[in-house]
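Analysis of the macromolecular model
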Amino acid sequence: MKDAAFFNRRGIDFLQAGQFKEAIQCFKQAIELDPAFPDAYHHLGEAYTKLGQSVVPAAGSRDAGAAKDEGAAGPEADAANDLYDDLRSVSLTAIDNVWDELFANSPEEIHNVWDECFSDPSEDCSFPAILEFLDGGVENISKAVLFQPANNDDLTLMEESGDGDRTFPLHRCSCIRMAGLPAEFAQPKDLSCHIEIIETINGKSYQKYIPAEQNLKNLILGFSRKKDNRFKYVLFPIINIRKRTQKRFIGEILIEKGMIDIPDFRHALDEYNRHRQLKFGRIIAKQAHILYPAVEVEIQNAYNNKGTDGIKVGEILLAAGLVDRQQVSAALAVQKKIRQKKIGQFLIEKGILKEEEVYIALAEKYRMPFIDLRQQTISRRMLTLLPRELVLKLQVLPISQKDSTLVVATFLTDVPVIKGIISKYTKQEDIQLALTRPTHLRKIISRLYPKTNPAS
């Protein structure tokens, strides 16, 4: 029985082979069999884009039936239109770049730099500081004593000019730059540091070294190694951080966590390279069910003849009558698929890596929590927070609420547009996306939101 997943996979094969019209037909067939299949919609749009066309609205969609719906009015119609616009505004890529981020060609080791910046804590208690505010304002303080925030969201600055203490709320600042740190900032037990890109809610990005262990309740401590930077210590209010990303490859995290056995990995890497370098002659021999020595003889004879410079292997075998054009096209598609396969996909296929391990490492890289959905109990109330269509399209699932924070499972890294849409429908301002395994998430969503029978 050929299901939607079958036609989606077949469409992807055509897409990778550059046969966009055939791919479009497959993705349409997948959508016809499963109208709530987000991957098929995404790939259909990609195929149309590569073909140079706009996506044609499906029959029954709002665009296709606009003329019929002109008379529709009222809050229910408005809500339906809003939902349609939200669904169309999101294009899911399902972390296609995961495999690109697994390993560098020559990974640069990030050495411990804590000693370099913190080995000699100052006995001074006051330092020059710069306050950067969310509204773009900047305030320079010549001498400031920074008191660590306790159980509140305020900072106290004491200026040595004698004007007394001044308290201001943390939520006003994107960061506080300091020329030094007092000894009261305890050195953490974990001295490892990694470069992170920190993006604040006002759109500013900072690239700093961030210690793995943080001792401050409401602040993230980072620092710069630039020698000409006077204000090398930076404090980021957690409440104003929109996104954190470690600037390192996922493979480094996997090795660091002991999830990859180095000898097995090297053996698999050699196999992966041999696989990618597989000659076209061997590929087509396997696809056409012919002996490779026969293929090799024809190729060698052609190359020995004058006037055959630049002739391709497929053309040689066609002229020899060993294969037909359909077999050549199929072998070319296989060769392209082999060469486009990412190393992470290959490692999972070989059993060197597990899907869960990759997503645990992803969660660390993007500073997101990782959850195992098999250990979660989801209340009925969670299932009422988002429209069914939105859950199926975004592939997200509200799982719990902690105080004012709504925790939502996803297999995408922290995507701002998704958080915005979830916040709109749930009326929750604080949304925390938690990474989980795609296979688990899809399976649970299909059980909690089963297909509806159009005839019912």
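Heads up: these notes are all about the structure in this document. (Residues numbered from 1 in each chain as written. Predicted model: local features only at pLDDT ≥ 70, side-chain atom pairs only at ≥ 80, totals over all residues. Heavy atoms only, no water.)

**Regarding the overall build of the protein**
For clarity, the cut-off: What counts as a helix is a DSSP run of H or I of at least four residues, what counts as a strand is a run of E of at least two, and both are numbered from the N terminus. Burial classes follow relative accessibility: with a 1.4 Å probe on protein chains only, a residue under 20% of its type's maximum area counts as buried, one over 50% as exposed, and anything between as partly exposed. Here, residues are in contact when the closest pair of their heavy atoms is within 4.5 Å. Per-residue and other accessible areas follow the Shrake-Rupley method at a 1.4 Å probe size, with only the shown protein chains counted as cover for residues.
From N to C terminus, the protein includes 17 helices and 13 strands. Buried positions account for 43% of the 456 residues belonging to the protein. Looking at the protein alone, contacts between residues at least 24 apart form 64% of all its contacts between residues at least 6 apart. Counting only carbon and sulfur atoms, one obtains 49% of the accessible surface of the protein, whose full area is about 25700 Å².

**Description of the packing of helix H9 (residues 292–304) against helix H10 (residues 313–320)**
Just so we agree on the cut-off: Only the contacting stretch of a helix is used when fitting its axis, a line to C-alpha atoms as for every element, and angles between N-to-C directions run 0 to 180 degrees. We call two directions roughly parallel when the angle between them is under 35 degrees, roughly antiparallel when it is over 145, roughly perpendicular when it lies between 65 and 115, and oblique otherwise. The classification used treats Ala, Val, Leu, Ile, Met, Phe, Trp, Tyr, Cys and Pro as nonpolar, Asp, Glu, Lys and Arg as charged, and all other residues, Gly among them, as polar.
Following both chains from N to C, one finds H9 and H10 inclined at 105°, their axes separated by 10 Å at the closest point. On the basis of the axis angle, H9 is roughly perpendicular to H10. In contact with Val295, Glu298, Ile299, Ala302 and Tyr303 of H9, H10 contributes Val313, Ile316, Leu317 and Ala320. Residue composition of the contact of H9 with H10, grouped by class: 8 nonpolar, no polar and 1 charged.

**Examining the pattern of salt bridges**
The condition that has to hold: Throughout this description, the term salt bridge denotes a Lys or Arg side-chain nitrogen within 4 Å of a carboxyl oxygen of Asp or Glu.
A complete count under the given rule lists 12 salt bridges for this structure. One salt bridge in this structure joins Asp372 and Arg374, with 3.0 Å as the shortest N-O distance.

**Side note on helix H7 (residues 262–276)**
Let me state the cut-off plainly: Take the number of residues in a helix, subtract one, and multiply by 1.5 Å to get its expected span. Here the arc refers to the directions that run from the helix axis out to each C-beta atom.
When the terminal C-alpha atoms of H7 are compared, their 21 Å separation across 15 residues agrees well with the 21 Å that a helix rising 1.5 Å per residue should span. Of all the residues in H7, the buried ones are Phe265, Ala268 and Tyr272. The buried side chains of H7 occupy one side of the element, clustering within an arc of 70° when seen end-on. More than 90 degrees from the buried face of H7, the exposed residues found are Pro263, Arg266, His267 and Arg274.

**Describing H10**
For H10, the set of buried residues is Val313, Gly314, Ile316 and Leu317. Taken around the axis of H10, the buried residues stretch over an arc of 160°, which confines them to a single face. Residues of H10 that are buried in the fold lie against helix H8 (280–288), H9 and helix H11 (325–340). Phi turns positive, to about 80°, at Gly321, one or two residues after H10.

**Some points on the pairing of strand E1 (residues 127–133)**
The line we're drawing: Note on pairing: DSSP must find at least two bridges between two strands before they are called paired.
Most of E1 is tucked away: 7 of the 7 residues are buried. Residues Phe127, Ala129, Leu131 and Phe133 line one face of E1 and the alternating positions Pro128, Ile130 and Glu132 line the opposite face, and both faces are buried. The sheet contact formed by E1 and strand E5 (residues 173–178) spans 5 bridges and is antiparallel. In the strand pairing of E5, Leu131 is matched with Ile176.

**Section: the pairing of strand E11 (residues 397–402)**
Of the pairings in the sheet, the one linking E11 to strand E12 (residues 405–410) comprises 5 bridges and is antiparallel in character. Paired with Lys402 across the two strands is Thr405, which belongs to E12. Between E11 and E12, which pair antiparallel in sequence order, lie 2 residues; one of them, Asp403, sits at a positive phi of approximately 55°.

**Let's talk about unusual backbone geometry**
Phi is positive for His289, which is not a glycine, with a value near 60°. For His289, the location among the structural elements is in the loop between H8 and H9. Positive phi, normally seen in glycine, also occurs at Gln395, with a value near 55°. Among the structural elements, Gln395 can be located in the loop between helix H15 (388–394) and E11. With a relative accessible area of 6%, Gln395 lands in the buried category.

**Digging into the packing of aromatic side chains**
Our working definition: Paired rings are identified among Phe, Tyr and Trp, the last through its six-membered ring, by centres lying within 6.5 Å, and are further divided according to the angle between planes into stacked (under 30 degrees), edge-to-face (over 60) and tilted (the rest). Charge-over-ring placement is defined geometrically: NZ (Lys) or CZ (Arg) within 6 Å of the ring centre, and within 35 degrees of the ring normal.
Using the criterion set out here, one finds 4 aromatic pairs in the structure. With a centroid separation of 5.3 Å and 55° between ring planes, the pair formed by Tyr272 and Phe346 is classed as tilted. Linking Tyr272 in helix H7 with Phe346 in helix H12 (residues 343–349), this pair joins segments that are 74 residues apart in sequence. A relative accessible area of 5% places Phe346 in the buried class. Over the ring of Tyr292 we find Arg282, and its NZ or CZ is 4.0 Å from the ring centre.

**Some points on the side chain of Arg437**
Note that Arg437 resides in the loop between strand E13 (430–435) and helix H17 (438–448). Arg437 gets classed as buried once you look at its relative accessible area, which sits at 19%. Non-local contacts of Arg437, meaning those with residues more than four positions away in its chain, are made with Glu355, Glu356 and Phe370.

**Some remarks on the environment of Lys50**
Residue placement: Lys50 occurs in helix H3 (residues 38–51). Taking the C-alpha atoms as reference points, Lys50 and Gly18, 32 residues apart in sequence, are found 8.7 Å from one another. Dropping the residues within four chain positions of it, Lys50 is found in contact with Leu15 and Phe20.

**Comments concerning the sheet that holds E12**
Taken in spatial order, the 3 strands of this open sheet run E11-E12-E13, and their pairing is mixed. Every other strand in the sheet has two partners, leaving E11 and E13 as the edge strands with one partner each. Sheet twist, expressed as the mean angle between neighbouring strand axes with direction ignored, is 30°. Of the strands in this sheet, E12 and E13 are in contact with helix H16 (residues 416–426), which crosses E13 at around 130°.

**A short note on the side chain of Thr405**
Basically, it comes down to this: In protein, a polar contact means a hydrogen-donor-capable atom and an acceptor-capable atom, both N or O and within 3.5 Å, with residues adjacent in sequence counting only if both atoms are side-chain atoms; elsewhere, any N or O pair within 3.5 Å suffices.
Note on placement: Thr405 falls in strand E12. Among the polar contacts made by the side chain of Thr405, one reaches the side chain of Asp430 at a distance of 2.6 Å. Beyond its immediate stretch of four places on either side in the chain, Thr405 contacts Ser400, Asp430 and Gln432.

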